[in-house]
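Structural characterization, general
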Amino acid sequence: IVFWIGRIVSINQNRPSVTYYNIGDTVDCGDIQLQFLESHIDNSSEFIKRFGVDYNNEEGDYKMVSICIEVTNQSNQDISWSEIFSFLEGGFESSVWASAVDADVTPKINIFDNASLVSGETQKIWFLTEINKACFKESSWKNVEDSQYLYVLSLVPQKTAVRLDA
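Quick summary incoming for the structure in this document. It should be emphasised that the depicted structure is a prediction, and the values quoted were computed from it without experimental measurement.

The rules behind these values
- Residue numbering note: each chain is counted from 1, following its sequence as written.
- The predicted nature of this model means local features are confined to residues of pLDDT at least 70 and side-chain atom pairs, given and counted, to a pLDDT of 80 or more, with totals for whole chains, interfaces and linings taken over all residues.
- As a convention, hydrogens and water are excluded, and side-chain values are obtained from all of the structure's heavy atoms.
- We define a nonpolar core as any set of buried Ala, Val, Leu, Ile, Met, Phe, Trp, Tyr and Cys residues linked to one another through side-chain atoms lying within 4.5 Å.
- For the exposure calls, accessible area comes from a 1.4 Å probe over protein chains only, and a residue counts as buried if that area is under 20% of its type's maximum, exposed if over 50%, partly exposed in between.
- In DSSP terms, a helix is any run of H or I states spanning at least four residues, a strand is any run of E spanning at least two, and both are numbered starting from the N terminus.
- Note on definitions: a residue-residue contact is assigned when non-hydrogen atoms from the two residues lie within 4.5 Å.
- For Phe, Tyr and Trp, rings pair up if their centres lie within 6.5 Å, where Trp contributes its six-membered ring, and each pair is then called stacked (planes under 30 degrees apart), edge-to-face (over 60) or tilted (otherwise).
- Placement of a positive charge over a ring is assigned whenever Lys NZ or Arg CZ falls within 6 Å of the ring centre and within 35 degrees of the normal to the ring plane.
- The rule for pairing is simple: two strands pair if DSSP sees at least two bridges between them.
- Here an angle of 0 to 180 degrees is reported between the N-to-C directions of two axes, which are lines fitted to C-alpha atoms, with helices fitted over the stretch in contact.

With that out of the way, let us pick up the nonpolar core. In terms of nonpolar packing, the biggest core is built from 30 residues, with I67, F127 and Y151 touching the most fellow members. The set of elements that each furnish at least two residues to this core consists of β3 (32–43), β4 (62–73), α3 (81–88), β9 (122–132) and β10 (150–154). Among all residues touching I67, those that are not within four sequence positions of it are I23, F36, E38, S39, F92, I125, W126, F127, Y151, V162 and L164. Ranked by size, the runner-up nonpolar core spans 11 residues in total, among them F51, V105, I109 and L128.

As structure tokens, then:
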């Protein structure tokens, strides 16, 4: 029991730190610069209106949480989209819910002119996922938009997250 209590105390005292950013912040990441432009929590009709994509959900009521990140290539060479997505594609979370980026819808709402981000160019990229009513109690679902949502960019070496203004 003493070992167990000691372990719990140790874990709580040595929690990893988190770097937080807000919508509107700009971050220099070396070869790329990120600006966190906007975020939303949309019901189904708002989502369709905003993105022009019909999202077919057969599991019932849902909302879509999204973030728009403007990426600027500051390097002297083109950067592939797969490299950029592997750097940026994280997930969304709140205190009671978490989900990865929706890999089916995200490509439908992002249109790129080139096979890579050309040196000196800027591109807006949307990341989103579904918040499904089936994951919540009725009382929690009524207040789902009141939660503080984060877009988590990375967990290692340090957790980095953007606070969403939805």
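With that settled, the discussion passes to the packing of aromatic side chains. With the rule as written, the count across this model stands at 10 aromatic pairs. Ring centres of F85 and F112 lie 6.0 Å apart, and the angle between their planes is 75 degrees; this geometry places the pair in the edge-to-face category. Taken together, the residues span a long stretch of sequence, with F85 in helix α3 and F112 in the loop between α4 (106–109) and β8 (116–117) at a distance of 27 residues. Given the relative accessible area of 16%, F85 is considered buried. Between the aromatic rings of F127 and Y151, the centroid separation amounts to 5.6 Å while the plane-to-plane angle is 25 degrees, which identifies the pairing as stacked. Highlighted residues: F127 in strand β9 and Y151 in strand β10, separated in sequence by 24 residues. Summarising the burial analysis for this pair, F127 and Y151 share the class buried. Of the aromatic side chains, those joined through ring pairs into one cluster are W81, F85, F92, F112, F127 and Y151. Across from the ring centre of Y20, 4.2 Å away, lies the NZ or CZ of R163, which sits over that ring.

So, about the sheet that holds strand β11 (residues 159–163). An order of β1-β11-β10-β6-β7 is seen for the 5 strands of this open sheet, with the pairing classed as mixed. Each edge of the open sheet carries a strand with a single partner, namely β1 (18–22) and β7 (98–100). This sheet shows a mean twist of 25 degrees between the axes of neighbouring strands, independent of strand direction. One ladder, built from 3 bridges, connects strand β6 (residues 91–93) with β7; its direction is antiparallel. Across the sheet, residue G91 finds its bridge partner in β7, namely A100.

On to the side chain of S116, then. Mapped onto the elements of the fold, S116 is located in strand β8. Classification of S116 as buried rests on a relative accessible area of 16%. Setting aside anything within four residues of it in sequence, one finds S116 in contact with D78, I79, S80 and W81.

Through backbone hydrogen bonds, the strands of a sheet pair up, either in parallel or in antiparallel fashion. Reading across the sheet, the 4 strands line up as β2-β3-β4-β9 and stay open at both edges, with antiparallel pairing between neighbours. Every other strand in the sheet has two partners, leaving β2 (26–28) and β9 as the edge strands with one partner each. Within this sheet the neighbouring strands show an average axis-to-axis angle of 25 degrees, counted without direction. Pairing between β3 and β4: 11 bridges, direction antiparallel. Bridge pairing in β4 links Q33 to T72. Along the sheet face, helix α2 (residues 44–51) touches β3, β4 and β9 and points at about 140 degrees away from the line of β3. Along the sheet face, α3 touches β3, β4 and β9 and points at about 50 degrees away from the line of β9.

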